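So the chains spell out like this:
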Amino acid sequence: MPLCILAAGKTTVLAAATFTLSWTHSVEKTRWEETWRIAPAGLEIVEARVKGSGAGMEPPQDAVLMDGWWVYRPKAPPRPSLVLAASGATGAGWSVCGDNSCVTIGEDAGEPVVLRACGE
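Everything numeric in this text was worked out from a predicted model, so none of it was measured.

J.: Just to check I follow, could you spell out the sheet that holds strand 2 (residues 10-14) for this structure?
T.: Within a sheet, each strand pairs with its neighbour through backbone hydrogen bonds, oriented either parallel or antiparallel. Spatial ordering of the open sheet is given by 2-1-11-8, a layout of four strands whose pairing is antiparallel. Two strands lie at the open edges of the sheet, namely strand 2 and strand 8 (81-86), each paired on one side alone. Between one strand axis and the next, the sheet turns through 20° on average, direction left out of account. Across four bridges, the pairing between strand 1 (residues 3-7) and strand 11 (residues 110-117) is antiparallel. Paired with Ile5 across the bridge in strand 11 is Leu115.

If you want it as structure tokens, here you go:
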């Protein structure tokens, strides 16, 4: 099932069963990545990676340092959608990548961006 990205009044479809959501922390300027899977129960987080630690972004105790990234598997139930605030204050927005295609979202202040399985 593809991913639908609802932003700025339009829908973008990313034809991928898994996707990576990534961004740079607005205060610490540290890269963060999450891998998500589209499942029948909703969006499931598979893995998270953070390139350091700091203000509100300490990796959990079970995180493993691999090639400079703290890698761990968050324990969170599936959710119907992800809602991302688009404040325009972070400088770069988010990158959503899957199946060799990427989309940049939330760079400018505006309505929240919603990620969900298409057809939901």
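J.: Any chance you could explain the environment of Leu14 here in plain terms?
T.: Structurally, Leu14 is set in strand 2. Remark: the alpha-carbon pair of Leu14 and Pro2, spanning 12 residues in sequence, is separated by 5.8 Å. Filtering out sequence-adjacent residues up to four positions away, Leu14 remains in contact with Pro2, Leu3, Phe19, Val96, Cys97, Gly98 and Ser101.

J.: What exactly am I supposed to notice about the state of the cysteines here?
T.: Here, the word disulfide means a covalent bond between the sulfur atoms of two cysteines. Evaluation of the coordinates by the stated rule reveals two disulfides. A sulfur-sulfur distance of 2.0 Å marks the disulfide that ties Cys4 to Cys118. The S-S bond linking Cys4 to Cys118 shows a torsion near 115°; that makes this disulfide right-handed. Taken as a pair, Cys4 in strand 1 and Cys118 in the segment after strand 11 lie far apart in primary sequence, 114 residues in all.

Each value, and the rule that gives it
Residues numbered from 1 in each chain as written. Predicted model: local features only at pLDDT ≥ 70, side-chain atom pairs only at ≥ 80, totals over all residues. Heavy atoms only, no water. Pairing = 2+ DSSP bridges. Helix = DSSP H or I, 4+ residues; strand = E, 2+ residues; numbered from the N terminus. Axes fitted to C-alpha atoms, helices over the stretch in contact; angles between N-to-C directions. Contact = heavy atoms within 4.5 Å. Disulfide = S-S within 2.5 Å.

Geometric values such as these leave the question of function open.
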